[in-house]
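Structural characterization, general
Spelled out from the first residue to the last, the chains are:
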Amino acid sequence: MTPAAREYLQQRKIKFAKAEEQRAAEAPRIVATDVPPMPQIKVPENQPKPKFVDYETGAYYMTKPEHMTHLFGNTLVPKDHPRILFRGKLDSLQALIVLDQVLIGEDGNEKLVADLDDILGILREMMRCDVLDEELINESVIGLTHAELRERSHDPLKFFNIKQMVLPDRSMGKSYALLNQLRAAIRETEVAAANAFRSGNQYTRGDIIEALNRLSSAVHIMMCMYLAGMYQ
């Protein structure tokens, strides 16, 4: 809080506290499925109601500062906040899938394009659930249940006659290279999600982190299916 803002609040007898003191007083218990509550602010009746709320400090603004952006509703965070960085990764990941679909579609592999479309739909739902603070519910990816994903990802030799963790090579072709790039991008997004939703030793959106882990497994399976000739 700037000195000018502090003086403004003191003149109008508006109580405020340091973020550390406020957190210590509230001491909420967070579990893996909890969603952080939106800060609550009491504004004197004779004062104009604020248009924006600072998610971290509970401060309010009549105009949106340029260095801040919406977390949800009228709640703002700095543009380099971990939640915003995660959303940026998620946005880039969706853009990458669309580009991959265009490039792979040029070769006429519609089955592979369709599986990518399934993953794209899950990522879009993930973005929606994050913004609206809703639970992400997903039962299957590319037609496989979570148990089936785990089995095939852990034992590709059994299901696809493909050795586990085959290192990508240019000889494997364009589509395989694009899938491998996508797999790595999903992993990066999963790391960003873990950083964004970490609260001490717990995570507030285990559903999103788990879904990203399953999506990377799904793309690994797609890579195995491609090598096995199942997309021809």
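A short tour of the structure in this document, coming up. In this text the structure is predicted, and so the values were computed from the model without any measurement.

What counts, and at which threshold
- Residues numbered from 1 in each chain as written.
- Predicted model: local features only at pLDDT ≥ 70, side-chain atom pairs only at ≥ 80, totals over all residues.
- Heavy atoms only, no water.
- Pairing = 2+ DSSP bridges.
- Helix = DSSP H or I, 4+ residues; strand = E, 2+ residues; numbered from the N terminus.
- Contact = heavy atoms within 4.5 Å.
- Axes fitted to C-alpha atoms, helices over the stretch in contact; angles between N-to-C directions.
- Parallel < 35°, antiparallel > 145°, perpendicular 65-115°, else oblique.
- Nonpolar A, V, L, I, M, F, W, Y, C, P; charged D, E, K, R; others polar.
- Core = buried A, V, L, I, M, F, W, Y, C linked by side-chain atoms within 4.5 Å.
- Buried < 20%, exposed > 50% of the residue type's maximum accessible area, 1.4 Å probe, protein only.
- Salt bridge = Lys/Arg side-chain N within 4 Å of Asp/Glu carboxyl O.
- Left-handed = near helix turned anticlockwise from the far one by under 90°.
- Polar contact = N/O pair within 3.5 Å; in protein donor to acceptor, adjacent residues only side chain to side chain.

Here the focus is the sheet that holds strand 4 (residues 75–78). Taking strand neighbours across the sheet as the criterion, the four strands line up as 2-1-4-3 in an open arrangement whose pairing is mixed. The sheet is open, and its two edges are formed by strand 2 (60–61) and strand 3 (68–72), each paired on a single side. The pairing of strand 3 with strand 4 spans four bridges and is classified as antiparallel. In the strand pairing of strand 4, threonine 69 is matched with valine 77. With respect to the sheet, helix 3 (residues 82–105) is in contact with strand 3 and strand 4, its orientation differing from that of strand 3 by roughly 80 degrees.

So, on to the packing of helix 4 (residues 110–132) against helix 8 (residues 206–227). At a closest axis distance of 11 Å, the pairing of helix 4 and helix 8 adopts a crossing angle of 175 degrees. When the interaxial angle is binned, helix 4 and helix 8 end up roughly antiparallel. Residues Lys111, Leu112, Asp115, Leu116, Ile119, Ile122, Leu123, Met126 and Asp130 of helix 4 form the contact with helix 8, whose own contacting residues are Ile208, Ala211, Leu212, Leu215, Val219, Met222, Met225 and Tyr226. Here the contact of helix 4 with helix 8 is composed, by residue class, of 14 nonpolar, no polar and three charged.

Before going further, it helps to examine the nonpolar core. Counting residues in each nonpolar core, the largest one holds 47 residues, and the members touching the most others are Phe86, Ile119, Leu123, Met126, Leu212 and Leu215. Secondary-structure elements contributing two or more residues to this core are helix 3, helix 4, helix 7 (174–196) and helix 8. Of all the elements, helix 8 adds the most residues to this core, at 12 residues. Look past the residues within four positions of leucine 215 in its chain and what remains in contact with it is Ile119, Ile122, Leu123, Met126, Val141 and Ile186. Grouped together as the second largest cluster of nonpolar side chains are five residues, Leu71, Phe72, Val77 and Ile84 included.

When you line up the elements, leucine 112 lands in helix 4. Sequence-wise, leucine 112 and leucine 179 are 67 residues apart; in three dimensions their C-alpha atoms are separated by 9.9 Å. Residues in contact with leucine 112, not counting those within four places in the same chain, are Ile104, Ser175, Leu179, Met222, Tyr226 and Tyr231.

Side-chain pairs of opposite charge can arise where the charged atoms are in close proximity. On inspection of all chains with the given rule, the structure shows 11 salt bridges. For the salt bridge of arginine 152 with glutamate 151, the shortest nitrogen-to-oxygen distance reads 3.9 Å. In this structure glutamate 151 comes out as partly exposed when scored by relative accessible area, which is 43%. Salt bridges linked by common partners bring Arg83, Arg87, Asp130 and Asp133 together as one network.

For the rest of this paragraph, the subject is the packing of helix 3 against helix 7. Packing of helix 3 against helix 7 leaves a shortest axis separation of 9 Å and a crossing angle of 165 degrees. The angle between the axes of helix 3 and helix 7 places the two elements in the roughly antiparallel class. The handedness of the crossing between helix 3 and helix 7 comes out as left-handed. Per-class residue counts for the contact of helix 3 with helix 7 are 15 nonpolar, four polar and five charged.

Considering the arrangement of structural elements, one finds glycine 88 in helix 3. Distance in space between the C-alpha atoms of glycine 88 and threonine 189 is 9.0 Å, their sequence separation being 101 residues.

A few words now on the side chain of aspartate 130. Positionally, aspartate 130 belongs in helix 4. Polar side-chain contacts of aspartate 130 include one of 3.0 Å to the side chain of arginine 83. Once you skip the residues sitting within four places of it in the chain, aspartate 130 turns out to touch Arg83, Phe86, Arg87, Phe197, Arg205 and Ile208.

It is worth spelling out the pairing of strand 4 at this point. Regular strands show a simple pattern: their side chains alternate between the two faces of the sheet. Where strand 1 (residues 52–54) lies against strand 4, two bridges are found, and the strand directions are parallel. The partner of aspartate 54 across the bridge, within strand 4, is leucine 76.

What follows is about unusual backbone geometry. A negative phi angle is the norm for most residues apart from glycine, just as the trans form is the norm for most peptide bonds. Even without being a glycine, aspartate 133 presents a positive backbone phi close to 55 degrees. Examined against the element boundaries, aspartate 133 turns out to sit in the loop between helix 4 and strand 5 (140–141). Phi at isoleucine 142 takes a positive value of approximately 45 degrees, unusual for a residue other than glycine. Positionally, isoleucine 142 belongs in the loop between strand 5 and strand 6 (144–145). Residue isoleucine 142 is classed as buried on the basis of its relative accessible area, which comes to 14%.

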